[in-house]
Amino acid sequence: MDDTQDRLIRCFSAIFPALSREQIIAADASKMESWDSVASVTLFAMIEEEFGAEIEVQDSVDLLSFRKISEYLNAGNRSSAPGQRAS
Amino acid sequence: MRRGHQNIVPMKLVEAFEILREEQPVNARSFRARLVCGFTPLHLETFFNAHLRSIFSDRNVEVTSGLYGDFWGNFERLDTTNTDVALVVLEWSDLDPRLGLRSLGSWAPSTFPEIIGNAKARLSLLTNLAERLSKDIPLVVSFPTLPLLPISFSAGWQASAFDLELRAWISSVALKMVEIRNVKLVNSERLNQLSPAANRLDVKSEIASGFPYKLAHASTVADLMSRLIISAPPKKGIITDLDDTLWNGILGEVGAGNISWDIEHDSQPHGLYQRLLHGLSEAGVLIAAASKNDPQIVGEALEREDLVLPRSALFPVDAHWGPKSESVGRILKTWNIGADSVVFVDDSPMELAEVSANYPDVECILFPKNDPQALVGLLFRLRDLFGKSVLSEEDAIRRESIRSSQKNGAGGVEDHGGNLDEFLAQADAELTLNFSKEPLDPRALELVNKTNQFNLNARRYAEAAWDAYLRQTETFLMVVAYKDKYGPLGKIAVIAGRSLEKTVFVDVWVMSCRAFSRRIEDRCLQELFARFQAEKIVFDFKATPKNGPTGEFLARICGAKPEPQCSLSKEQFLSLQIKTSHHVSEVSNG
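Counting restarts for each chain, with residues numbered from 1 along the sequence as it is written. Chains and ligands are labelled sequentially in the order written, the chains with letters from A and the ligands with numbers from 1. Totals for whole chains, interfaces and linings use all residues, but because this is a predicted model, local features are given only for residues with pLDDT of at least 70 and pairs of side-chain atoms are given and counted only at 80 or more.

Those domain boundaries reflect an automatic or database domain assignment. Domain boundaries assigned for chain B yield domain 1 (13–229), domain 2 (237–385) and domain 3 (417–587). Summarising the inter-unit geometry, the C-alpha centres of domain 1 of chain B and domain 2 of chain B are found 40 Å apart.

Here it is as structure tokens:
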């Protein structure tokens, strides 16, 4: 399990505390009532802070599953310093 | 409470959520905070919730907020009956929408007078609401923290009349509000240090979701405001080293004439340290010296009239060649305060370690003798450790009363063959009782929250809870001041409770350790029996690791080891035939 995935799971777990690790990895906004717009705003803010990433508004509309966010971060859309605050 | 005076590091959002996932205590009292702001409370509410749960770990914390975009309505509609504290976070756009990013109202220079006029009117409303609401609950207020947008026609590096006028109105209102009891304002200077102005505004978030703060800024604002709700009790005394700390130079090597603390001798940081100690001393903090030195040469050095910290501010001065911990022990005994109320400052890590090993509760701080930048950090740290919201008369007389009790008090009893009755009879002791609940005396709560040894149950109160307790009609408050021919001790005891059907229930009873051995506690009971025509007094006693003197006193008068809700009948009390010779008078506030 890579570090990015673990840290992303921590973010999801903070916002969706009822989900197990397996459920988080499979998480998809279209299948979850609790993943509403407030959860999205909070999740993206948390990910930006945790990964030093800057998620563009146009990108965020597609980032509606754990898998897509994980791929987005692994594609290099984050700062080189893990955990650094987004500036 | 979990935390004390530690450095402030912004909490991350994920950490805040993790705190919120922790179980809240079962059957605990609730603590209800109302966040009043005009923007989407979003992450700020989360950070408040997390910070308040860290502070009030024994309570069920609940943070609620009002409607988006309606700061003034949210403030006016505040339900003070169901709120323990209001957290008021004002931003520029609450003064006029054109000062924010979500409005497209005109920035034409012709609109400036109107914008200023709106801001003035709303700031005036803020003061009125604060005056009204703070009568019921405490308010913690943050004035605008975001950068002002480039509205004025001047270039950004030039101060504009528009910006200055807006800020002047803010300052003028802040100055009025800081005087209102029950209102506390965030110190913008400290916020500037912790959260640089350029890193506060989150434009994307403000436009997309109406939340204008970057996360680190939101966390810092929430942290500072939470700290204003209930402050950690201030420390009471500093024990300072002398050589290379209070002054530059080793006294035994260079002599009293060659130690220094000024720019001329390249030793200004020592003078700056002395100046802070003097300021603390004048604000009621006890200052003592512990030095490995020849006492005679220390005496010579302290006679120097150019010391910034005058000799009179230091009491006691303990100079010898033994371990510093021995000095600390003697000084604590002289001051009669707990080790956890004291800070020890020395330039030697070894001395700090030796004191810390013997007195782990003493806060040991290194004096950074070769690092002027760190010295300023030390000044801020000491100010934080000893910070108070207001100064009381007692702060001004504390040092002298300890000095005088050393000279006359203990020795006085001995001069009377150790006979306390005889000593007290000649001391011209006077007790002044004050039963007023309005206006509330802040010294009463200060005593309740910081007294350890004579404290019935060590229950601590937030200002809101104390206010609510005293607002109950059946609750009484008795504040006791003391003086004798050796000098005044000021307000030294607080008793609060309820009188019901010839029984007095004492919920709170604290007395300063400076007032021990004067039979004040006995006289207080006499007064309670008399004033309320009581036949019985019930004490809400709870033993704590520190309130042994209270337990011993109750055991003496009740005739048995005290238990929770132990009681004393009038008959039992009179049978003790306690002699008290205090002259008692009554005053009221106002």
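This is not the end of the story, as more comes after the structure.
Residues and elements named next belong to chain B. Numbering of helices and strands starts at the N terminus; helices are DSSP runs of H or I of at least 4 residues and strands are runs of E of at least 2. If you trace the backbone, Ala174 turns up in helix α6 (residues 161–177). Distance from Ala174 to Val61, taken between C-alpha atoms, is 28 Å for residues 113 residues apart in sequence. Contact between residues is assigned whenever the C-beta positions, reconstructed from backbone atoms, fall within 7 Å. For Ala174, the residues in contact, after removing those within four places along its chain, are Phe143 and Leu185.

With that out of the way, let us pick up the interface of chain B and chain A. Contacts between the two partners involve 14 residues from chain B and, on the opposite side, 13 residues from chain A. Elements with a contribution of two residues or more to the side of chain B that touches chain A: α1 (13–21), α2 (42–55), α8 (203–209) and α9 (215–229) of chain B. It is α1(B) that provides the largest number of residues to the side of chain B that touches chain A, a total of five residues. Residues are sorted three ways: Asp, Glu, Lys and Arg are charged, Ala, Val, Leu, Ile, Met, Phe, Trp, Tyr, Cys and Pro are nonpolar, and all the rest, Gly among them, are polar. Looking at the side of chain B that touches chain A, its residues break down into seven nonpolar, three polar and four charged.

The end-to-end C-alpha separation of α9(B) is 21 Å, in line with the 21 Å expected for 15 residues at 1.5 Å each. Burial in this document is a count-based property: other C-beta atoms within 10 Å of a residue's C-beta are tallied, and the residue is buried at 20 or more, exposed at 12 or fewer, or partly exposed in between, with C-beta positions derived from the backbone. In terms of residue burial, α9(B) counts as a mostly covered element, since 15 of its 15 residues are buried. By definition here, a helix of n residues has an expected span of 1.5 Å times n minus one.

Right, let's get into the confidence of the model for chain A. Residues and elements named next belong to chain A. Of the residues in chain A, 86% reach a pLDDT of 70 or more, and the chain-wide mean stands at 86. Per-element mean pLDDT across chain A ranges from 84 in helix α4 (residues 57–60) up to 95 in helix α2 (residues 21–25). pLDDT: the predictor's confidence for each residue, scored from 0 to 100. Note on residues 80–87: pLDDT under 50 across the span, and 16 contacts to partners over four residues away in sequence or across chains.

All right, on to the packing of helix α1 (residues 3–15) of chain A against helix α3 (residues 37–51) of chain A then. How two helices pack is summed up by the angle between their axes together with the distance between the axes. All names here are of chain A. Only C-alpha atoms enter the line fits that serve as axes; for helices the fit covers just the stretch in contact. Angles between N-to-C directions range over 0 to 180 degrees. As a packed pair, α1 and α3 sit with axes 10 Å apart at the nearest point and diverge in direction by 145°. Seen along the crossing, α1 lies across α3 with a hand that is right-handed. Here α1 contributes Arg7, Cys11, Ala14 and Ile15 to the contact with α3, which in turn contributes Ala39, Thr42, Leu43, Met46, Ile47 and Glu50. In the contact of α1 with α3, the residues fall into seven nonpolar, one polar and two charged. Handedness of a crossing follows from how the near helix is turned relative to the far one, being left-handed for an anticlockwise turn of less than a right angle and right-handed for a clockwise one.

On to the environment of Thr80(B). All names here are of chain B. With respect to the secondary-structure elements, Thr80 resides in the loop between α3 (71–76) and β3 (85–89). When the 15 C-beta atoms within 10 Å are taken as the criterion, Thr80 is described as partly exposed. Each C-alpha atom of the pair Thr80 and Ser436 lies 23 Å from the other, and the pair is 356 residues apart in sequence. Setting aside chain neighbours within four positions, we find Thr80 in contact with Leu133, Asp136 and Ile137.

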